[in-house]
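Architecture and fold: a report
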Amino acid sequence: VVKSSSAGLYSDISLFDKVKIWLGYEGDSFAGDPLLVGRISQISTPLSSSQGYLRQFNGKDQGEILLRRLKGQKSWSSVAPHTIATEVATDLGLGTGQIDTDTGAMPISVEIDPDRYETYFNLLRIISDHWYDGSNQVKKDWYVDVNNNLVWKARPLRTVGVETLTVGGNIENYTVLRDLENVRNKIYVYGAPEK
């Protein structure tokens, strides 16, 4: 969202404010759930020589809590993956009604290293991408919907209304970002009495 601040528009928005977004034409009334609900995580005021000072808001949907909150030392031994997903949702105050139950899923074991914490996002990634063996995988995708429910379902989430992206067709431009800051190493030396 970008608006001129010369008229004082949006001057009362603060970091971590909740935002609800509906899309439509000016003058239309909006009913039902918004298209997106999220939090403001960044406010900037760039200067444009043609438009003056602008207020620009950036943020993430309600799934931002998965990145912001940390899970401490914990281990699960031989439990169904959806049990861990349900515990994640409960820990974060999210609804659990959209979590698929895998009746045929093999149990998994997960341990969070006692020397560090893990984001809930990484924990969901670990269980959702888990391989039981060479041919069986959990294969789940997830997000937090506008009603604050953790949606954890079979991958891919959508098969209807999906189209192939083509440069020059429905992609006008794109940016490739190569970033070293997110690269981490986790090294264990075995044979020593301690890690």
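Report on the accompanying structure. Keep in mind the model is a prediction, meaning the values are calculated, not measured. (Residues numbered from 1 in each chain as written. Predicted model: local features only at pLDDT ≥ 70, side-chain atom pairs only at ≥ 80, totals over all residues. Heavy atoms only, no water.)

1. Here we look at the pattern of salt bridges
Close approach of charged atoms allows side chains of opposite charge to pair. In this structure the tally under the stated criterion is seven salt bridges. Where Glu87 meets Lys74, a salt bridge forms, and the shortest distance between an N and an O atom there is 3.4 Å. In this pair, Glu87 is assigned in helix α2 (residues 81-91) and Lys74 in strand β7 (residues 74-79), connecting sequence segments 13 residues apart. Given the relative accessible area of 29%, Lys74 is considered partly exposed. Across the pair Arg155 and Asp129 runs a salt bridge whose closest N-O atoms are separated by 2.7 Å. Placement of Arg155 in the segment after β11 (150-154) and of Asp129 in the loop between α3 (120-128) and β10 (140-144) is noted, with a sequence separation of 26 residues between them. On the accessibility criterion, Arg155 (29% relative accessible area) is partly exposed. (Salt bridge = Lys/Arg side-chain N within 4 Å of Asp/Glu carboxyl O. Helix = DSSP H or I, 4+ residues; strand = E, 2+ residues; numbered from the N terminus. Buried < 20%, exposed > 50% of the residue type's maximum accessible area, 1.4 Å probe, protein only.)

2. Topic: a nonpolar patch on the surface
A contiguous nonpolar patch, built from Leu23, Leu35 and Leu36 and spanning about 320 Å² of accessible area, is present on the exposed surface. Along the chain, Leu35 turns up in the loop between β2 (18-21) and β3 (36-44). Residue class for Leu35 comes out exposed when judged on its relative accessible area of 59%. (Patch = residues over 30% accessible without salt bridge, like charges linked within 9 Å, V, L, I, M, F, W, Y side chains within 5 Å. Areas by Shrake-Rupley, 256 points an atom, 1.4 Å probe, with all protein chains shown as cover.)

3. Looking at the packing of aromatic side chains
Under the definition given, this model contains one aromatic pair. When the ring centre of Phe16 is taken as reference, the NZ or CZ atom of Arg39 above it lies at 4.3 Å. Note that Lys140 overlies the ring of Trp152, its terminal NZ or CZ placed 5.5 Å from the centroid. (Phe/Tyr/Trp six-rings, centres within 6.5 Å; stacked < 30°, edge-to-face > 60°. Lys NZ or Arg CZ within 6 Å of the ring centre and 35° of its normal.)

4. Examining unusual backbone geometry
The amide bond that connects Arg155 to the next residue, Pro156, takes the cis arrangement and shows omega of -5°. Within the secondary structure, Pro156 is located in the segment after β11. Positive phi values are uncommon outside glycine, yet Phe16 reaches one of about 70°. In this fold, Phe16 is placed in the loop between β1 (2-4) and β2. A relative accessible area of 38% places Phe16 in the partly exposed class. Backbone geometry places Lys139, a non-glycine residue, at a positive phi of 55°. Within the secondary structure, Lys139 sits in the loop between α3 and β10. Judged by its relative accessible area of 41%, Lys139 is partly exposed.

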